[in-house]
Amino acid sequence: MTLIAAGAVVSPDGVHRPGWVETSGSLVLAVGAGAPPRPPDHDFTDGIVVPGFVDIHVHGGGGASYTEPAADEIGRAAAFHRGHGTTTTLASLVTATPASLLEQVRALREATRDGVIAGIHLEGPWLSAARCGAHDAGQLRDPDPIEIDALLEAADGAIRMVTVAPELPSALGAIERLVAAGVIVAVGHTDASYDQTRAAIDLGATVGTHVFNAMRPLHHRDPGPAMALLEDPRVTVELIADGVHVHDALLRHVVASAGADRVALITDAMAAAGLPDGSFRLGALDVEVQDAIARVRGQSTIAGSTAMMDMVFRAAVRDPASDAELIAAAAMTSTTPARTLGLSGVGSLAPGLAANLVVLGPDLHVAAVMADGAFVVSRALAPGAAAH
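Nothing here was measured: the structure is a model prediction, and the numbers come from that model. (Residues numbered from 1 in each chain as written. Predicted model: local features only at pLDDT ≥ 70, side-chain atom pairs only at ≥ 80, totals over all residues. Heavy atoms only, no water.)

1. Overview of the overall build of the protein chain
So, step 1. Broken down by element type, the protein chain carries nine helices and 21 strands.
So, step 2. Taken against the 2.2 N^0.38 rule, which gives 21 Å for 388 residues, the C-alpha radius of gyration of the protein chain at 20 Å falls within 12% of a compact globule.
So, step 3. The principal-axis extent of the C-alpha atoms belonging to the protein chain is close to 60 × 45 × 40 Å.
So, step 4. Relative to its full complement of 388 residues, the protein chain shows a buried share of 56%.
So, step 5. Considering only contacts in the protein chain between residues 6 or more positions apart, those separated by 24 or more positions represent 66%.
So, step 6. If you sum the accessible surface of the protein chain, you get close to 14,400 Å²; carbon and sulfur atoms cover 53% of it. (Helix = DSSP H or I, 4+ residues; strand = E, 2+ residues; numbered from the N terminus. Rg over C-alpha atoms; globule rule 2.2 N^0.38 Å. Buried < 20%, exposed > 50% of the residue type's maximum accessible area, 1.4 Å probe, protein only. Contact = heavy atoms within 4.5 Å. Areas by Shrake-Rupley, 256 points an atom, 1.4 Å probe, with all protein chains shown as cover.)

Quick look at the structure:
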């Protein structure tokens, strides 16, 4: 058993200042407020303990990509983000040829079985050419039942989420097929109307893929997909909180109106995350990163992000002394995305759940990361903080 004490612990019961977490093996045994029941094994006097981050939309990081089928490449990407607090990852694939997509799905299926990732997100190929963003427009295609079944068979349960543009021919039938197979359907990369998006939601779509980005913009006479997704309580909306994709004011407005229990903050990170500016690849496309902003080479189109989940968490908290802000940030970076994916064993610090946690310093930078009861990262806290 391991006992962790900290200046603050964010739990389903609120923020304990101070607080403690006790783990046994890979699970949380108990969480409490005040002094720990015995001398702690780790004492983060000025630290803030939050649930391990759950990123449901990420393509890679640290120079590695989930689109590369090599096991070591997949492992490097997951390990990089784990160092920034992401203890649960849904690996996202971009549009590719049918053969390449099957190869990538099979590789990620094995990574899912090995516990490296929590599953697969197919962000493509069934997307709008008008809103394809950093996807290979030449490989976009309409949903085809034969291809859908082939991918589901190859994944053997590892595909957890699929993004679909609902205005495409046969898209609504595809949504019904995917929902029947137990797959989460997201609406994104879409030029759909408000009514077309509503139809997709009524058929079972429950996620908005990086809302506002790569979709028909909101207009007062043509509200489009964003309004349909934001107003429906059945839908969780993804937001890329990197300060580039969505303005901070809009981020705050969406959280205030939809609530933290309906917002999943994501990185949408590509291989360039954590690396200096330079040239990279996202699927079949060349990407240039300048000033930490990734764009398709020769275009203004943003190509994913270079963010990590600890950065996203910081973007959601303006005052670390605010219990309400810490609770909302923990929900949007862990509890809400875990619930959205149907992951019952992760997402909060509660007895019986996975011992996945992040220790943040007073500046909200990562000091330590525990995954399945074992510390995988341990750094010194920022000046003025203490860790023993």
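So that's the structure; there's more coming.
2. Considerations on helix α6 (residues 224–231)
So, step 1. Counting buried positions along α6 gives six out of eight residues, so the element sits mostly inside the fold.
So, step 2. Turning to α6, its buried residues number three or more, namely Gly 224, Pro 225, Ala 226, Ala 228, Leu 229 and Leu 230.
So, step 3. Close packing links the buried residues of α6 with β12 (184–187), α5 (194–202), β13 (207–208), β14 (236–240) and α7 (248–258).

3. Observations regarding the packing of helix α2 (residues 98–113) against helix α3 (residues 145–155)
So, step 1. Where α2 contacts α3, the axes come no closer than 8 Å and their chain directions differ by 25°. Judged on the interaxial angle alone, α3 and α2 are roughly parallel. In the packing of α2 onto α3, the handedness of the crossing is right-handed. Packed against α2, whose contacting residues are Pro 98, Leu 101, Leu 102, Val 105, Arg 106 and Arg 109, the element α3 presents Glu 147, Ala 150, Leu 151, Ala 154 and Ala 155 at the interface. (Axes fitted to C-alpha atoms, helices over the stretch in contact; angles between N-to-C directions. Parallel < 35°, antiparallel > 145°, perpendicular 65-115°, else oblique. Left-handed = near helix turned anticlockwise from the far one by under 90°.)

4. Regarding the side chain of Thr 95
So, step 1. Inspection of the secondary structure assignment puts Thr 95 in the loop between β9 (86–93) and α2.
So, step 2. When neighbours within four sequence positions are excluded, Thr 95 is seen to be in contact with Glu 123, Gly 124, Pro 125, Leu 127, His 135, Asp 136, Gln 139 and Leu 140.

5. Examining the packing of helix α8 (residues 309–316) against helix α9 (residues 323–341)
So, step 1. It is at 9 Å that the axes of α8 and α9 come closest, and there the two elements cross at 145°. Handedness of the α8/α9 crossing: right-handed. Only Glu 325, Leu 326, Ala 329, Ala 330, Met 332 and Thr 333 of α9 make contact with α8, whose side of the interface consists of Met 309, Val 312, Phe 313 and Ala 316.
So, step 2. Broken down by class, the residue content of the contact of α8 with α9 amounts to eight nonpolar, one polar and one charged. (Nonpolar A, V, L, I, M, F, W, Y, C, P; charged D, E, K, R; others polar.)

6. Examining the pattern of salt bridges
So, step 1. If you walk through the whole model with that rule in mind, you get 19 salt bridges.
So, step 2. A salt bridge links Asp 191 to Arg 216; the nearest nitrogen and oxygen atoms lie 3.6 Å apart. Of this pair, Asp 191 sits in the loop between β12 and α5 while Arg 216 sits in the loop between β13 and α6; the two residues are 25 residues apart in sequence, bridging distant segments of the chain.
So, step 3. Its salt-bridge partner being Asp 232, residue Arg 198 comes within 2.7 Å of it at the nearest N-O pair. Of this pair, Arg 198 sits in helix α5 while Asp 232 sits in the loop between α6 and β14, and the two are 34 residues apart along the sequence.
So, step 4. A relative accessible area of 22% places Arg 198 in the partly exposed class. (Salt bridge = Lys/Arg side-chain N within 4 Å of Asp/Glu carboxyl O.)

7. Some remarks on the nonpolar core
It is characteristic of soluble globular proteins that their nonpolar side chains tend to be buried jointly.
So, step 1. The biggest cluster of nonpolar side chains holds 83 residues, and the ones touching the most others in it are Tyr 66, Leu 122, Ile 159, Val 263, Leu 265 and Phe 313.
So, step 2. Per element, the largest residue contribution to this core is six residues, and it comes from α2.
So, step 3. Other than its neighbours up to four places away in sequence, Leu 265 contacts Leu 239, Ala 241, Leu 251, Met 309, Val 312, Ala 316, Met 332 and Thr 333.
So, step 4. One finds Ala 118, Leu 341, Leu 343 and Ala 354 within the second-largest nonpolar core, a separate group that totals 16 residues. (Core = buried A, V, L, I, M, F, W, Y, C linked by side-chain atoms within 4.5 Å.)

Function cannot be inferred from these measures alone, as they are strictly geometric.
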